[in-house]
Amino acid sequence: MTIRVATWNVNSVRQRIDLLLTWLRECQPDIVCLQEIKCVDEAFPRLEIEALGYNVVTHGQKTFNGVALLSKLKFDETKSGLAGDDEDVHARFLEGVVTLKRGVLRIACLYLPNGNPVGTDKYPYKLKWMSRLLEYSKERLQTEEPLILAGDFNVIPHARDVHNPAAWTEDALFKTETRESFQSLLGLGLADALRAVTDEPGLYTFWDYQAGAWQKNHGLRIDHLLLSPQASDRLANVGIDSYVRGWEKPSDHVPVWADLDLEAA
DNA sequence: ATGACTACTCCCAGTAGA
């Protein structure tokens, strides 16, 4: 038995619903984290997705941001919002817990702030959000349960994760402070699922719409699944569905998934 | 390269994304 957990920044779920349904049928993920749904909860196309056998929970927002969790396993609990800043109204975080044959699996779906342009209040907001995520992770890791942080991190972890690293050194996605903060998440014992299976450079999850970035393979790896030791121990396979970027009217991000040897209840 | 695309919005020029 394996459980497939996926993440995909769809860049508007209403624009992408047909592609999403096609991909769900092809990939057959058990749990999916969606980002940038760009709609309020009432406008989310839940019926079509429920028809494929998913339980759906959304944390939406008008126009921007918005995250959703889809799961073939029933949610025991869900919670929206990341602790640590009562002033933050962005819909960027949604946590769900499902029951397994042995214990539970906790999934945090996140859309980490972009942070550009650096020099505006957007970058400190990003760094603060990352430190809030670090605190959340510290707390959750104490339970010693399988935990997955999945989403659009807006972080390029390493030079091998971007086509032209020299052009990105001052960008909020690649700045030293950003990468150090991401590293401190890994320092807690979280494993970058893709890097647990390969060191290969040039594996991307995002290609800009502009300047033929997809055709030239000028991409970024910014969508990640971070696994607690209890999840990492069960890791069987990881994939990037980059072919989805070649579809008609695609998102600029593609799905990333991980298979874990865990049994559903 | 002040560029390029795409999607959003009190409907359409301005904002945001990465």
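Details of the structure are given in the entry above.
Right, let's walk through the structure included here. In this text the structure is predicted, and so the values were computed from the model without any measurement.

1. Examining the side chain of Asp171
Within the secondary structure, Asp171 is located in the loop between strand 8 (147–152) and helix 4 (176–187). Although Asp171 is buried, it forms no salt bridge, and the closest oppositely charged side chain is Lys126 at an N-O distance of 6.3 Å. From its side chain, Asp171 meets the backbone nitrogen of Leu173 in a polar contact 2.9 Å long.

2. Looking at the protein's contact with DNA strand B
Around DNA strand B sit 22 residues in total, of which Ser12, Glu36, Tyr111, Asn114 and Gln210 are the nearest. Looking at DNA strand B alone, sugar and phosphate atoms form 68% of those within 4 Å of the protein. Contacts to DNA strand B include Ser12, whose side-chain N or O atom sits 2.5 Å from a phosphate oxygen. Here a phosphate oxygen of DNA strand B and a side-chain polar atom of Glu36 are 2.8 Å apart. Class assignment of the residues belonging to the surface near DNA strand B gives a composition of eight nonpolar, eight polar and six charged.

3. Concerning empty space enclosed by the protein
With the rule as written, the count across this model stands at one cavity of 30 Å³ or more. Size it by volume and the largest cavity reaches roughly 40 Å³. If you trace the largest cavity, you find it lined by Asp192, Ala193, Leu194, Thr205, Arg221, Asp223, His224, Leu225, Val238, Ile240 and Val256. Put simply, the parts of the chain that give the lining of the largest cavity at least two residues each are helix 5 (193–197), strand 12 (223–227) and strand 13 (235–240).

4. Remarks on helix 1 (residues 13–27)
When the terminal C-alpha atoms of helix 1 are compared, their 17 Å separation across 15 residues is substantially less than the 21 Å that a helix rising 1.5 Å per residue should span. The largest bend in helix 1 is about 40 degrees, located at Leu19. Residues Val13, Arg16, Ile17, Leu19, Leu20, Leu21, Trp23, Leu24 and Cys27 constitute the buried set of helix 1. Tucked inside the fold, the buried residues of helix 1 contact strand 1 (3–9), strand 2 (31–35), helix 2 (46–50), strand 4 (67–71) and strand 14 (256–260). Where helix 1 terminates, the next one or two residues include Gln28, which has phi positive at roughly 55 degrees.

5. Thoughts on the sheet that holds strand 4
Taken together, six strands build an open sheet; the order of strands is 3-4-2-1-14-13 and the sheet is mixed. Each edge of the open sheet carries a strand with a single partner, namely strand 3 (55–59) and strand 13. Neighbour-to-neighbour, the strand axes of the sheet open up by a mean angle of 10 degrees, direction not taken into account. Pairing analysis gives five bridges linking strand 3 to strand 4, with the strands arranged antiparallel. Across the sheet, Val57 pairs through a bridge with Leu69, a residue of strand 4. The strands touched by helix 1 within the sheet are strand 1, strand 2, strand 4 and strand 14, with strand 1 carrying the most contacts at an inclination of about 155 degrees.

What counts, and at which threshold
- Throughout, residues of each chain are indexed from 1 in the direction in which the sequence is written.
- Chain A is the first chain written and ligand 1 is the first ligand written, with later ones labelled in order.
- pLDDT decides what is reported in this predicted model: residues at 70 or higher carry local features, side-chain atom pairs at 80 or more are listed and counted, and totals for whole chains, interfaces and linings draw on all residues regardless.
- Hydrogen atoms and water are omitted, and side-chain values are computed over all heavy atoms in the structure.
- Secondary structure elements follow DSSP: runs of H or I no shorter than four residues count as helices, runs of E no shorter than two count as strands, and numbering proceeds from the N terminus.
- Exposed residues in this analysis have more than 50% of their type's maximum accessible area, buried residues have under 20%, and partly exposed residues fall in between, with area computed by a 1.4 Å probe over protein chains only.
- Counted as positive: Lys and Arg. Counted as negative: Asp and Glu. His and the chain ends are not counted at all.
- Any carboxyl oxygen of Asp or Glu within 4 Å of a side-chain nitrogen of Lys or Arg constitutes a salt bridge here.
- Any N or O atom pair separated by 3.5 Å or less is treated as a polar contact, with the protein-specific requirement of one donor-capable and one acceptor-capable atom, and with residues adjacent in sequence counted only for side-chain atom pairs.
- Neighbouring residues are identified by heavy atoms, a residue being near a molecule or strand if any of them is within 4 Å of it.
- Each residue receives one of three labels: charged for Asp, Glu, Lys and Arg, nonpolar for Ala, Val, Leu, Ile, Met, Phe, Trp, Tyr, Cys and Pro, and polar for the others, Gly being one of them.
- Here a cavity means grid points, on a 1 Å grid over the protein atoms only, where a 1.4 Å probe fits yet cannot get out; a pocket means an open set of points with protein on both sides within 12 Å along at least five of seven lines; lining residues are those with an atom within 4 Å of a point.
- Grid points are joined across faces, edges and corners, and a volume is the space filled by probe spheres set on the points.
- An expected span of 1.5 Å times one less than the residue number is assigned to each helix.
- At every residue, the bend is computed as the angle between two fitted axes, covering the seven residues ending there and the seven beginning there respectively.
- It only takes one pair of heavy atoms within 4.5 Å for two residues to be counted as in contact.
- Two strands are counted as paired when DSSP detects at least two bridges linking them.
- Every axis corresponds to a line fitted to the C-alpha atoms, with the helix fit spanning only the stretch in contact, and the corresponding angles, defined between N-to-C directions, vary from 0 to 180 degrees.

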